[in-house]
Amino acid sequence: MVFWIFGYGSLVWNPGFEYDEKVIGYIKDYKRVFDLACIDHRGTPEHPARTCTLEESEGAICWGAAYCVRGGPEKEKKAMEYLERRECEYDSKTLVDFFKEEDSDHPLLTGVIVFTSTPDKVNNKYYLGPAPLEEMAWQIATAHGPCGNNREYIFKMEKALYDIGHEDDYIIELANEVRKVLDIVSSGIQKENKLAGSPRLPLKTQTSPVKIFSMPEAVVAVAADS
């Protein structure tokens, strides 16, 4: 079989498999959301990362890259097995139409595979659901796993979409919020380091006034009772 796969997350900048053709374009009625957990790449089960998935949204468009794999059953099987391992948090494969900018009425390709996730916390253990922007930013800024940290993921996505000439306002807003969190964390660490490196000052002890008693041939200093 010959198949096309649509990448809208890390596949845009790091496909990781052998492909024969790459086309920049978009799909309709879907938008990116950071509502999916990642517990084995850029997060852990104890502190999951947030990664992007697609949410149905009428009238929306999602830019990315479509990859074609052809060249015989063995090559195609190898590519799909790799993708299924990599995209293990996504519980569905959806077939979509793929468009080029030159013709928004007629798809360039039909039946393009895209990995998606069921937006249901009961039936999909990886689905986190939406959260306030600040809360998501803290999670992304602090999560890390075997393949790196979560913040690197969103910053690379931001750059990849810029590089293909189709930035995503949602990604930019979330990435900027992550930067704010990192600034707060960095400022806190610098403050702690500064305090830890400060010279210790002597304690201010309360001493009682000293009374001087005159004695024959001697002067004795005695601390007065308080």
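Just so we're clear, the structure is a prediction, and the values are computed from it rather than from any experiment.

Chemist: How would you summarise the overall build of the protein if you had to cite specific residues and measurements?
Modeler: Counting its regular elements, the protein contains 4 helices and 9 strands. Taken from N to C terminus, the helices and strands of the protein fall in the order β-β-β-α-β-β-α-β-β-α-α-β-β. Of all intrachain contacts in the protein linking residues separated by at least 6 positions in sequence, the fraction that spans at least 24 positions is 70%. Only carbon and sulfur atoms are counted for the fraction: they give 52% of the accessible area of the protein, which is about 13800 Å².

Chemist: Go over the packing of aromatic side chains with me, naming the residues and quoting the values.
Modeler: Where two aromatic rings form a pair, the distance of their centres and the angle of their planes describe that pair. Following the criterion strictly, the structure yields 11 aromatic pairs and no others. When the ring of Phe 17 is compared with that of Tyr 82, the centres are 6.4 Å apart and the planes differ by 45 degrees; the resulting orientation is tilted. Taken as a pair, Phe 17 in the loop between strand E1 (3-7) and strand E2 (21-38) and Tyr 82 in helix H1 (residues 73-86) lie far apart in primary sequence, 65 residues in all. With a centroid separation of 4.8 Å and an interplanar angle of 50 degrees, the aromatic rings of Tyr 26 and Trp 63 are classed as tilted.

Chemist: Account for the environment of Ser 104, with residues named and values stated.
Modeler: Structurally, Ser 104 can be placed in the loop between strand E4 (92-98) and strand E5 (109-116). Taking C-alpha positions, Ser 104 is 9.4 Å from Lys 28, a pair spaced 76 residues apart along the chain. Discounting chain neighbours no more than four positions away, the residues touching Ser 104 are Tyr 26, Lys 28 and Phe 99.

Chemist: Please give an account of the confidence of the model for the protein that cites residues and values.
Modeler: Considering every residue of the protein, the mean pLDDT works out to 86; 83% of them sit at 70 or more. The low-confidence segment residues 200-226 (pLDDT under 50) makes 18 contacts with residues lying over four places distant or belonging to another chain.

Chemist: Residue-level account of the state of the cysteines, with values.
Modeler: As enumerated under the stated definition, the model contains 0 disulfides in all. Between Cys 38, a cysteine without a disulfide, and Cys 88, which holds the nearest cysteine sulfur, the sulfur-to-sulfur distance is 7.5 Å. Take Cys 38: its relative accessible area is 8%, and that puts it in the buried class. Cys 62 forms no disulfide, and the closest cysteine sulfur to it belongs to Cys 52, at a distance of 7.6 Å.

Reading guide: rules and limits
Residues numbered from 1 in each chain as written. Predicted model: local features only at pLDDT ≥ 70, side-chain atom pairs only at ≥ 80, totals over all residues. Heavy atoms only, no water. Helix = DSSP H or I, 4+ residues; strand = E, 2+ residues; numbered from the N terminus. Contact = heavy atoms within 4.5 Å. Areas by Shrake-Rupley, 256 points an atom, 1.4 Å probe, with all protein chains shown as cover. Phe/Tyr/Trp six-rings, centres within 6.5 Å; stacked < 30°, edge-to-face > 60°. pLDDT = per-residue confidence, 0-100. Disulfide = S-S within 2.5 Å. Buried < 20%, exposed > 50% of the residue type's maximum accessible area, 1.4 Å probe, protein only.

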